[in-house]
Structure formats: structure tokens, C-alpha cells
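One-letter residues, chain by chain:
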Amino acid sequence: MKNARKIMIIAGEPSGDLHGANVVGALKKKHPDIRISGIGGDAMARAGMDLRFHIRDLSVMGVTEVLLKMRSIAGVFRGMERHLEQWAPDLLILIDYPGFNLKMAGVAKAMGIMVLYYISPKVWAWKQSRLKKIKKNVDHVALIFPFEVPLYRRWKIPHTFVGHPLLDCRDYAVSNVPGAKDGDFVIGLLPGSRNSEIDMLLEPLLKASLKIIHRNPRVRFLLSRADAVDKKHFDLILTRHSAHHHLQVIPGDVTQVLTQADLIIAASGTVTLEAALFAVPTIIVYKMSRISYALARLFVRIRHAGLANIIAGKEIMPELLQDNTSPEKISDMALHLLEGNLLLSMHRQLQMIPILLGGKGASRRVAALAFELMEPT
């Protein structure tokens, strides 16, 4: 392969910046002279990518300033369109952020630039119409879930299962066997990283914790407070329910909660997959507005909400959604799991999840795939 190949990468969110940085590092390790430009964040810049725009340029400019956000994103899109034409990269790698990236794929296709999509849209859950755009404008898709493979095979879209990027982010050492230590049971409460999730889930989790501790005084609680949530609002809810005396608030990274807990009660999302990678037994909870839930029931085409359950093809982690996310049902489920060997059984089943996800090395496999795509045919 000739020297000084050029790759453009577009990631529009913090998680994409993290996983994109690992890809940039893997590309640079394989070919140090590779030139990489695009949209990302501080992590991708540190890894060696020339930032044309920062992910903050794509973020919401204010809760009610929707028009301003749309204008900002449109400006970034036009700027990247010009850069794509002038710089003429050998390959465009798109990371998640489908609303923006699927349109950019169409632009690149029209220019004759090869496109690799990494962390593709969740077409397995909803909006399968996006598969038509992917088939038309994307040359190859790097899949992160094994259950995506049959869908892309059915649509005859070129694809490679590369594994999940979370496995490259840290070592998920499975050392905490639930119930094995002396003393109290530890339950971790993870109400979410969005203010809307805090509004819906923190109160029922706090009420459930009070019911649990009333029936089992040996339980203590660790409550995660994500950096992204409004601390004053979070603390106000705690004070309103006088719930702060029997639990410890853990700010920031959830790792401390995940590595200490015998059981997790968590908002549905990526954090439940992290819990699975640590093999921590988990109850998945989620609640949204009735209108949003009704729409989700119409359009979402999957049997389970939790990623670990979808990957396993069965419900390993119990799911309490919408009206089932009540303090009574949460506390009853938690107390049920604390009995007998149920936690240990779930712990053992979850140890299969990293294997099903392909093990470490997603970033390295994406880099190898990128160079393979750029080889002349």
C-alpha cells in the first residue's frame, strides 16, 4: 500500500469520541504515517486526528433553541462536505450518529469515496428503513453485536462482526462473586445519566430501597450520580424522600458501584451492558412518558430492552419497564433475587456475554478492515 493514505472519521457524540480514539490509535499503530482528519472530540485529537470540527459543534445549544442547533449542525455538515471534496480521503469511517452520518455517506458515495460504517444505526430495534440507505451508500459495515449479522446477511450488505468497543475500554475483571463476602449485601442504584431519567426513575428507586431495607436490614446501598445530571435537582429528590441516610452517593464513573455491588438496579442502557461485562446481577428498569412508550411499542421490534438479554437471546437480567417500574415490584424482585442461589446463577450466565461479544480487539479489527478496504482491487 502506498504511503500517506488519508482517512476521514466522523464521530458526533462523546461515546463515539472514545471509541473513535481507539480506532485512530489502532490505525496509527499499524501505519504511523496515515493522515486522519474529521469530527471528534478531545480523545480523538489526543490520539492523533486533525479535528476539522469538535463534537461540541454538534451538541444542543440550549434546551429550547432547536433552530439554533439545526443551523449549527447544518453549518458543520456543509463544512465537512467541502472538506470531503477538497481533501479527497481514501476512506470515510462513520461512527454512530446516524442522522448526520447517513447523509454524509450519501455525499461520499456521490464523490466516489469508499465508506466504512462502525457502530451502525440500531436498525435491529427500529427504523429498518435505514437499511436501504446503508445498502445504497455504505461499502462495508463493522458490526458490534452478533445478533446484527443475520439481518445484514439477509439484506446482502457487506459486513464484518468486529466485536463490541466497550471491551477495549477497560479490563472487566470478574472478581466479585455475589453473596460470597461476609456482612451486608450491597445493592447499586443506577438511575441514569440524563435528567429525564432522574425525573422518572430516581424516586421509585429510592422508595424501593426503603422498602428493601425495611424487610432486610443487612442491605446497604450505593447510589450512582452521573456527572451529566443536575446535582441540585438530584440532591433535592434525595432530601424530599429522606433517603440519604441509608445509602452512599457515588459521583462520576459507575465502576466503583459495579465492582462493589452484589446486585445492580439500573436504567436500561449501555451501563447494563457494562454490568454484564463485570458479571454483576442486574435488574433493568425504565420508564418514559405514556406517549413515548406507546410510540416505542409501535416501532421497536425487539423482545428485550436490555442489551445483555438481546445478546443472550433470553432474559438473564429481569426487566421491569413502564408501569412495572414501581417501588413495590422493584423491591419484591430485589428481595427475591437475594434469596437462595439466584444471584450466583445470574452471575455465571453473565460470564458468557464477553465471549458472545467477540472478546477484546474491536478497534484493531476495524483498523485492519479499513486498510483492507483501501487496498486496490
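Provided above is the structure to which this section pertains.
None of these values were measured; they are calculated from a predicted model.

Trainee: So what about the sheet that holds strand 5 (residues 114-118)? Which residues, and what values?
Mentor: Strand order in the open sheet formed by seven strands is 3-2-1-4-5-6-7, and the pairing between neighbours is parallel. With partners counted over all chains shown, the strands left at the sheet margins are strand 3 (50-54) and strand 7 (159-161), one partner each. Direction aside, the axes of adjacent strands within the sheet are offset by 15° on average. Looking at chain direction, strand 2 (residues 35-40) and strand 3 are connected through four bridges and run parallel. For Gly40, the partnering residue across the bridge sits in strand 3 and is His54. Against the sheet, helix 1 (residues 14-30) touches strand 1 (6-11), strand 2, strand 4 (91-95) and strand 5, its axis set at about 165° to strand 1.

Trainee: Which residues make up the side chain of Arg130, and what values do they have?
Mentor: Along the chain, Arg130 falls in helix 5 (residues 130-137). Buried Arg130, no salt bridge; nearest opposite-charge side chain is Asp96, N-O distance 7.6 Å. With sequence-adjacent residues up to four places away left out, Arg130 is seen in contact with Pro98, Gly99, Leu102, Pro121 and Val123.

Trainee: With reference to specific residues and values, describe unusual backbone geometry.
Mentor: Of note, Ala88 is a non-glycine position whose phi angle comes to about 50°, a positive value. Take Ala88: it is sitting in the loop between helix 3 (66-87) and strand 4. Of the residues examined, Ala88 reaches a relative accessible area of 41% and is grouped as partly exposed. In this structure, Asp96 takes a positive phi of about 55° despite not being glycine. Take Asp96: it is sitting in the loop between strand 4 and helix 4 (98-110).

Trainee: Break down the packing of aromatic side chains for me, citing the residues and quoting the values.
Mentor: The geometry of an aromatic ring pair comes down to the distance between the two centres and the angle between the two planes. By the definition in use, this model includes four aromatic pairs. Between Phe77 and Phe100 the ring centres are 5.3 Å apart and the planes differ by 75°, which places this aromatic pair in the edge-to-face class. Taken together, the positions of Phe77 in helix 3 and Phe100 in helix 4 put the pair 23 residues apart, joining distant regions of the chain. An identical accessibility class is assigned to Phe77 and Phe100; each is buried. Relative to Phe278, the ring of Tyr172 has its centre 4.9 Å away and its plane inclined at 65°; by these criteria the two rings are edge-to-face. Of this pair, Tyr172 sits in the loop between strand 7 and strand 8 (185-190) while Phe278 sits in the loop between helix 10 (270-277) and strand 12 (282-286); the two residues are 106 residues apart in sequence, bridging distant segments of the chain. A connected cluster of aromatic rings, assembled from ring pairs, spans Phe77, Tyr97 and Phe100.

Trainee: I'd like to hear about the side chain of Thr325, residue by residue, with values.
Mentor: Mapped onto the elements, Thr325 comes out in the loop between strand 13 (319-321) and helix 13 (327-337). There is a polar contact of 3.0 Å between the side chain of Thr325 and the backbone oxygen of Tyr286. Here Leu320 takes part through its backbone oxygen, which lies 2.7 Å from a polar atom of the side chain of Thr325. What Thr325 contacts, discounting residues up to four positions off in sequence, is Leu201, Pro204, Val285, Tyr286, Lys287, Leu320 and Ile330.

Trainee: Give me the lowdown on the pairing of strand 11 (residues 263-267), citing residues and values where you can.
Mentor: Burial runs high along strand 11: five of the five residues are buried. Alternating residues of strand 11 divide into Leu263, Ile265 and Ala267 and Ile264 and Ala266, and every residue in both groups is buried. Where strand 8 and strand 11 come together, four bridges link them in parallel fashion. Residue pairing in the sheet places Leu190 in a bridge with Ala266 of strand 11. Note: strand 11 against strand 12, four bridges, orientation parallel. Bridge pairing in strand 12 links Ala266 to Ile284.

Trainee: Tell me about the environment of Arg218, and name the residues and values.
Mentor: By the element assignment, Arg218 lies in the loop between helix 7 (195-215) and strand 9 (219-225). We classify Arg218 as partly exposed; its relative accessible area is 43%.

Trainee: Can you tell me about the environment of Ala367, naming the residues and giving the values?
Mentor: You can see Ala367 is positioned in helix 16 (residues 362-374). Measuring from C-alpha to C-alpha, the distance between Ala367 and Leu27 comes to 5.2 Å, with 340 residues separating the pair along the chain.

Trainee: Got a sec to walk through helix 16? Specific residues and values, please.
Mentor: Compared with an ideal rise of 1.5 Å per residue, which puts 13 residues at 18 Å, helix 16 spans 19 Å between its outermost C-alpha atoms and is within 8% of the ideal. All buried positions along helix 16 are accounted for by Ala362, Ser363, Val366, Ala367, Leu369, Ala370, Phe371, Leu373 and Met374. Against the buried residues of helix 16 lie strand 1, helix 1, strand 4, strand 5, strand 6 (140-143) and strand 7.

Trainee: Hey, could you go over the sheet that holds strand 13 for me, with residue numbers and the actual values?
Mentor: One open sheet accounts for six strands, arranged 10-9-8-11-12-13; its pairing is parallel. Strand pairing shows two members of the sheet lacking a second neighbour, strand 10 (247-251) and strand 13, which therefore form its edges. Going from strand to strand, the sheet's axes swing by 20° on average, the running direction of each strand aside. Taken together, the five bridges between strand 9 and strand 10 define a ladder with parallel strand orientation. Bridge pairing in strand 10 links Ser224 to Ile250. Packed on one face of the sheet, helix 8 (residues 231-240) meets strand 9 and strand 10 and runs near 155° to strand 9.

Thresholds applied
Residues numbered from 1 in each chain as written. Predicted model: local features only at pLDDT ≥ 70, side-chain atom pairs only at ≥ 80, totals over all residues. Heavy atoms only, no water. Pairing = 2+ DSSP bridges. Helix = DSSP H or I, 4+ residues; strand = E, 2+ residues; numbered from the N terminus. Axes fitted to C-alpha atoms, helices over the stretch in contact; angles between N-to-C directions. Contact = heavy atoms within 4.5 Å. Buried < 20%, exposed > 50% of the residue type's maximum accessible area, 1.4 Å probe, protein only. Lys, Arg positive; Asp, Glu negative; His and termini not counted. Salt bridge = Lys/Arg side-chain N within 4 Å of Asp/Glu carboxyl O. Phe/Tyr/Trp six-rings, centres within 6.5 Å; stacked < 30°, edge-to-face > 60°. Polar contact = N/O pair within 3.5 Å; in protein donor to acceptor, adjacent residues only side chain to side chain. Expected span 1.5 Å × (residues − 1).

Coordinates in, geometry out; function isn't part of it.
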